[in-house]
Amino acid sequence: MRQQSGEQGSIAYLTLVCLVATLGGLLFGYDTAVISGAIGYLQSHFQLSPAEKGWAASCALVGCFIGVALAGELSDRFGRRNTLIVSAILFFVSAVGTALPRTLNEFVFYRILGGLGVGAASMTSPMYIAEISPARIRGRMVSINQFAIVFGMLLVYFVNYFIQGCGDELWNTQIGWRWMFGSEAVPALLLLVCLFFVPESPRWLTKQGRSGRARAILGRVAGAAHAEREMAEIEKSLAVESASLAQLLQPGMRVVLIIGIALAVLQQVTGINVFLYYAPEILKSISGSEMDVALLQTVLVGAVNLVFTVLAIGIVDRVGRKPLMIIGATGMGLCLTAIGLAAMAEAIGPWLLLFMLGYIACFALSIGPVTWVILSEIFPTKVRGRAMAIATFLLWVANYVVSQTFPMMDENSWLVERFHHGFPFLLYATFCVVLVVVVWKMVPETKGRSLEEIERMWMKE
């Protein structure tokens, strides 16, 4: 990669810093998706009911929304980088603990610890990247965090498939799933070490009165001229902002908070994590695949997720946020409807996998990365940590509700008798329609605008 002069800044330096931050996203994806390959064996090992199976799969999400609630205050008080360091420690402890539980309660405890790390990283990583990146490439750089999330998912799908192949059904039920969870310790340790070599967010440093250090970081990222412009914008915005959440309840800011919450919740209730957490179980249920085939098909799901996330990174700053969101949500709704109707008709065949891949492609091209881009852009600098915490907290609550209720709906005898496993997918398709309407009517285009310009736009409204 070409290293630019000091006057222009260094794209190489910015990229390396953002890549370290995105290791938090990679662990986010790894930690949340590892359950997909292990849940069947975990159910057999601990003899879980449908409700207990949902709890085992979703308990980490309890930690996620607690982690988000704490991370907002931590990131505003102690810095974005230090919050990510805490996340890395939690990831490591969780990886070791979930590999060695003797009871379901022990497993749940360590999964919740990992969830604390996921929740903190899920809001801190994109916020850190947005605050250090120039406006012209901010969408692309924040989207790299989503790339890291889906790469972490694809990586753990491969790891799960490899571990599953190391033994028979009995070995996997007793030992294999433990190695699946324990494997997370390696990337967690890598993140912890690398974080000691990256700078703090320049916007957070300015808020703490360390303008000289902030100016030096911005200059290294994009040159002296950019640093001066950005510092002027940051100082101007900080001068007129209050440090409390009361600002978000003012007329213009209230709309921002509503939009952020709506996008965060709708990203989840459109069903994405059902496919990411339960993909092998879904493929076994609706297509009759064996476990090893279902895990291999899950790798294909992860690959499609990765490819279309890369495409989104390439076009988000050219096409814009709003068109991608509308196109993606529409495609997701159509694919979910097709899956639901096919399941109701008991039309088992390869097209079910194709509809699932189509849904994943539409999500990865739009709702996945673009929601995080918008959330990292729209809130005022001085309360961005707390505001993102509210939206991301509710995102994880919605994720928990969907993940907990899916096996309960999918294995409910009354629903199965009438819908043949199709009901959950038709429900998620309905929420896709709601998402299209919200984006069309409420979300403005933020492409190419600085964070301070976006803030002034809300103030005017």
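Residues numbered from 1 in each chain as written. Predicted model: local features only at pLDDT ≥ 70, side-chain atom pairs only at ≥ 80, totals over all residues. Heavy atoms only, no water.

Chemist: With reference to specific residues and values, describe the overall build of the chain.
Modeler: Looking only at helices and strands, the chain has 20 helices and zero strands in total. Per-residue burial for the chain yields a buried fraction of 62% across its 461 residues. When the accessible area of the chain is evaluated, it comes to approximately 16,900 Å², of which 68% is carbon and sulfur surface. (Helix = DSSP H or I, 4+ residues; strand = E, 2+ residues; numbered from the N terminus. Buried < 20%, exposed > 50% of the residue type's maximum accessible area, 1.4 Å probe, protein only. Areas by Shrake-Rupley, 256 points an atom, 1.4 Å probe, with all protein chains shown as cover.)

Chemist: Kindly report on the environment of Ile11, identifying the contributing residues and their values.
Modeler: Positionally, Ile11 belongs in helix 1 (residues 11–46). With 212 residues separating them in the primary sequence, Ile11 and Gly223 have C-alpha atoms 10.0 Å apart.

Chemist: Give a description of helix 15 (residues 350–365) that names residues and reports values.
Modeler: The terminal C-alpha atoms of helix 15 lie 23 Å apart, and with 16 residues this matches the ideal 22 Å at 1.5 Å per residue to within 8%. Among all positions of helix 15, only Leu352, Leu353, Met356, Leu357, Tyr359, Ile360, Ala361, Cys362, Phe363, Ala364 and Leu365 are buried. (Expected span 1.5 Å × (residues − 1).)

Chemist: Can you explain a nonpolar patch on the surface? Please cite residues and give values.
Modeler: Among the surface-exposed residues, Ile89, Phe92, Val93, Val96, Leu100, Leu189, Val193, Phe196 and Phe197 lie close enough to one another that they form a single nonpolar patch of about 870 Å² accessible area. Contributing elements (two or more residues each) for the nonpolar patch: helix 3 (80–99) and helix 7 (185–194). In terms of residue count, helix 3 provides more of the nonpolar patch than any other element does, four residues in total. Mapped onto the fold, Phe196 is located in the loop between helix 7 and helix 8 (202–207). For Phe196, a relative accessible area of 52% translates into the label exposed. (Patch = residues over 30% accessible without salt bridge, like charges linked within 9 Å, V, L, I, M, F, W, Y side chains within 5 Å. Salt bridge = Lys/Arg side-chain N within 4 Å of Asp/Glu carboxyl O.)

Chemist: Describe the pattern of salt bridges, listing the residues and the values that go with them.
Modeler: Scanning the model with the defined rule gives nine salt bridges in all. Of the charged contacts, one joins Glu230 and Arg203 as a salt bridge, the two residues approaching to 2.6 Å between their closest N and O atoms. Here the residue Glu230 occupies a position in helix 10 (residues 224–240), and Arg203 occupies one in helix 8, the gap between them amounting to 27 residues. By relative accessible area, Arg203 is classed as buried at 2%. We note a salt bridge from Glu228 to Arg215, for which the minimum N-O separation is 3.0 Å.

Chemist: Tell me about the confidence of the model for the chain, and name the residues and values.
Modeler: In the predicted model, the chain carries a mean pLDDT of 83, and 88% of its residues have values of at least 70. Residue range residues 1–7 is modelled with pLDDT below 50. Its contacts to residues more than four positions away, or to other chains, number 15 contacts. (pLDDT = per-residue confidence, 0-100. Contact = heavy atoms within 4.5 Å.)

Chemist: Kindly report on the packing of aromatic side chains, identifying the contributing residues and their values.
Modeler: Throughout the structure, instances matching the rule amount to twelve aromatic pairs. Judged by centre distance (4.7 Å) and plane angle (40°), the ring pair of Phe275 and Tyr359 falls under tilted. Of this pair, Phe275 sits in helix 12 (residues 272–287) while Tyr359 sits in helix 15, and the two are 84 residues apart along the sequence. Measuring from centroid to centroid gives 6.2 Å for Phe406 and Phe425, while their planes differ by 65°, and the two rings are edge-to-face. In this pair, Phe406 is assigned in helix 17 (residues 384–410) and Phe425 in helix 19 (residues 423–442), connecting sequence segments 19 residues apart. We classify Phe406 as buried; its relative accessible area is 4%. Site record: aromatic cluster; members linked through ring pairs are Phe46, Phe107, Trp177 and Phe181. If you follow Lys441 out to its NZ or CZ, it ends over the ring of Trp440, 4.4 Å from the centre. (Phe/Tyr/Trp six-rings, centres within 6.5 Å; stacked < 30°, edge-to-face > 60°. Lys NZ or Arg CZ within 6 Å of the ring centre and 35° of its normal.)

Chemist: Can you lay out the nonpolar core for me, pointing to particular residues and giving the numbers?
Modeler: Counting residues in hydrophobic clusters, the biggest one holds 142 residues, and the most contacted among them are Phe107, Phe275 and Trp396. Here this core gets 18 residues from one element, more than from any other, and that element is helix 1. In this view, Phe107 contacts Ile35, Leu42, Ala56, Thr98, Pro101, Trp177 and Phe181; residues no more than four positions away in its chain are not counted. (Core = buried A, V, L, I, M, F, W, Y, C linked by side-chain atoms within 4.5 Å.)

Chemist: Please give an account of the packing of helix 14 (residues 321–344) against helix 19 that cites residues and values.
Modeler: For the pair helix 14 and helix 19, interaxial distance at closest approach is 8 Å and the crossing angle is 165°. By the angle class used here, helix 14 and helix 19 are roughly antiparallel. In the crossing of helix 14 with helix 19, the sense of the turn from one axis to the other is left-handed. (Axes fitted to C-alpha atoms, helices over the stretch in contact; angles between N-to-C directions. Parallel < 35°, antiparallel > 145°, perpendicular 65-115°, else oblique. Left-handed = near helix turned anticlockwise from the far one by under 90°.)

Chemist: Residue-level account of unusual backbone geometry, with values.
Modeler: Leave glycine aside and you will find that most residues have negative phi; peptide bonds, for their part, are mostly trans. For Gln47, which is not glycine, the phi dihedral falls at a positive 55°. By secondary structure assignment, the location of Gln47 is in the loop between helix 1 and helix 2 (50–78).

Chemist: Tell me about helix 19, residues and numbers included.
Modeler: With 20 residues, helix 19 should cover 28 Å at 1.5 Å per step; its first-to-last C-alpha distance of 29 Å lies within 8% of that length. For helix 19, the full list of buried residues reads Pro424, Phe425, Tyr428, Ala429, Cys432, Leu435, Val436, Val438 and Val439.

Chemist: Describe the environment of Leu311, naming the residues involved and giving the relevant values.
Modeler: Its location among the elements puts Leu311 in helix 13 (residues 291–319). A C-alpha to C-alpha distance of 10.0 Å links Leu311 and Ala361, two positions 50 residues apart in sequence.

Chemist: Provide a residue-level description of the packing of helix 15 against helix 16 (residues 367–377), including the pertinent values.
Modeler: For the pair helix 15 and helix 16, interaxial distance at closest approach is 4 Å and the crossing angle is 20°. Taken together, the axes of helix 15 and helix 16 are roughly parallel relative to one another. Judged by residue contacts, Cys362, Phe363, Ala364 and Leu365 of helix 15 engage Ile367, Gly368 and Pro369 from helix 16. Along the lines of polarity and charge, the residues of the contact of helix 15 with helix 16 split into six nonpolar, one polar and no charged. (Nonpolar A, V, L, I, M, F, W, Y, C, P; charged D, E, K, R; others polar.)

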